[in-house]
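Architecture at a glance
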Amino acid sequence: MTRRSLRDNPKRELWLAWGATVFFYNLYAVVFFLFTHIQPPGQPWYSPDQASTWFTEHHHGLGIGLALIFVFGGLSATSIALITYSIRRMSVSRAFSYSYLIIYSVSAVPGFLFICVALTAGIMRPERSPQLQHWLYQLGFLSFSGTMGVFLIGSLIWMCAILLDGNRVFPKWFGYLNLCNALTEVVVSPSWIFKTGVFPWNGLIAWWIDVVIFGIYTGVFITLLRSMIIREDFGTGPLPAVPAWRFWQSPVETAP
Amino acid sequence: MTVAEVSTPPCRTRQVPGQPDMWFFVLFESLIFTSYFCVYLYYRAQHEAAYLAAQSQLTLWLGVVETIVLLTSSWSIARCVEQSRNGRYDVARRDAFLTAGFGVIFLILKVVEWVRQIHLGNTFSSGDFFQYYFFLTAIHLVHLLIGFVVVGVAIHQLSSPRRRSQELVETCATYWHTVDFLWVLIFALLYVVR
């Protein structure tokens, strides 16, 4: 691709937002799963001393990983913006896109910022009493796993928009996948009650199965957003279909 | 992309009732529930005696009645689809209302059963079996509540000659059958399997 074609490409901002979304979710996965070991979450039944030890054992990983999230976490806005754009491109009321934008802007706070602040406060003051460290530990994981209501409503808003849309921005099956994702937010709610078994914040049902569904859902919506950008004609009517063989083609080749 | 390159979707021959997209949902939800069932059966096999003791506190006949009610609701929604296909929209709409009515009866029976269990001292946090019992029946009930909205969509479709999308009515019926199908599995696993 030449420099001129990039400059003239009317979709460059959309591709920039999409690239930032891919970067954010990859960073999120690497930081949360590999650096900090926030995922899978620590044990819910830890005593104050064990929680304090957990902070000490994960000090460096948490420090580096959470610093990266504080620097790049704002990129989560790009995926929200792109999804809001996709809803605006649909034939539904703008109320859907505004509702989605507002609810997901709020959701970043319980979604990942709250746990980052609580755990950073835990590692940066290790001399604090174990009881307070325990409180930060529980606050972090419970806020992360237990405050899923905003995501539930957000997924349902996107689902309704897709099912009502006449512009074929997304396939209807993805609307139904939104419902599957929304239901996982209900499944995780017992994590407030249980410390052991399959329902606490790291339980087989409340966390492992949910995270697999969320992983599939995230991969699917990022792929479908890419497809939407390829098909975007900046009109107001139905988006043109893309032949299956072009679906994986380079976006540069398909740009007008 | 030029206009010439834009492909128009080919005329689709129907292979399943309703939107194929809904069948994707049925498959995906079935996989999710299968994973719950596998977890339940695995832990049940580890502590079989404790699970059997807890299971004996369930009221089997109530579960049977609930199953019959939900199966009857599936029959009425199937009738609704059939009547709609034949152009008898008023009868189809009545059948859709009947389906919602059976759903309400199931809902009431389920709440009565929960209240009964709570009075017996069996709550969501009182033992492994009742964790699964309350979780599976509650998540199923959430599906049933969504089902009321779905049946409402079918009734809305059938109410006006300007709408009446047969595909949408069949899609709604597919969802309702899924709720029924999942209940039959839950009933078998929680109430019947010994």
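Read on for a plain summary of the structure. (Residues numbered from 1 in each chain as written. Chains lettered and ligands numbered in written order. Predicted model: local features only at pLDDT ≥ 70, side-chain atom pairs only at ≥ 80, totals over all residues. Heavy atoms only, no water.)

Concerning the pattern of salt bridges
Residues and elements named next belong to chain A. Counted according to the given criterion, the structure contains eight salt bridges over all chains. Salt-bridge contacts for Glu13 lead to Arg12; the nearest nitrogen and oxygen are separated by 3.9 Å. With a relative accessible area of 48%, Glu13 lands in the partly exposed category. Residue Asp233 is joined to Arg89 by a salt bridge in which the shortest nitrogen-to-oxygen separation is 2.7 Å. Of this pair, Asp233 sits in the loop between α10 (204-231) and α11 (251-254) while Arg89 sits in the loop between α5 (76-88) and α6 (94-124), placing them 144 residues apart in sequence. On the accessibility criterion, Arg89 (6% relative accessible area) is buried. Within this structure, Arg89, Glu232 and Asp233 form a network of salt bridges that share partners. (Salt bridge = Lys/Arg side-chain N within 4 Å of Asp/Glu carboxyl O. Buried < 20%, exposed > 50% of the residue type's maximum accessible area, 1.4 Å probe, protein only. Helix = DSSP H or I, 4+ residues; strand = E, 2+ residues; numbered from the N terminus.)

Description of the environment of Ala173 of chain B
Residues and elements named next belong to chain B. Examined against the element boundaries, Ala173 turns out to sit in helix α6 (residues 166-192). A C-alpha to C-alpha distance of 8.3 Å links Ala173 and Val150, two positions 23 residues apart in sequence. When sequence neighbours within four positions are dropped, the list of residues in contact with Ala173 reads Ile77 and Val81. (Contact = heavy atoms within 4.5 Å.)

A look at the nonpolar core
One finds Trp158, Phe170, Phe174 and Ile205 of chain A to be the most contacted residues of the largest nonpolar core, which totals 100 residues. No other element matches helix α5 (residues 128-159) of chain B, which puts 15 residues into this core. If sequence neighbours within four positions are ignored, Ile205 of chain A has contacts with Val187, Val198, Phe199 and Asp210 of chain A together with Tyr36, Val39, Tyr132 and Phe135 of chain B. In this structure, Tyr28, Tyr46, Phe141 and Phe144 of chain A belong to the second largest nonpolar core, which totals 26 residues. (Core = buried A, V, L, I, M, F, W, Y, C linked by side-chain atoms within 4.5 Å.)

Details of the environment of Arg88 of chain A
Residues and elements named next belong to chain A. Looking at the secondary structure, you find Arg88 in helix α5. Residue Arg88 is classed as partly exposed on the basis of its relative accessible area of 42%. Here the alpha-carbon distance between Arg88 and Ala161, two residues 73 residues apart in the chain, equals 9.6 Å.

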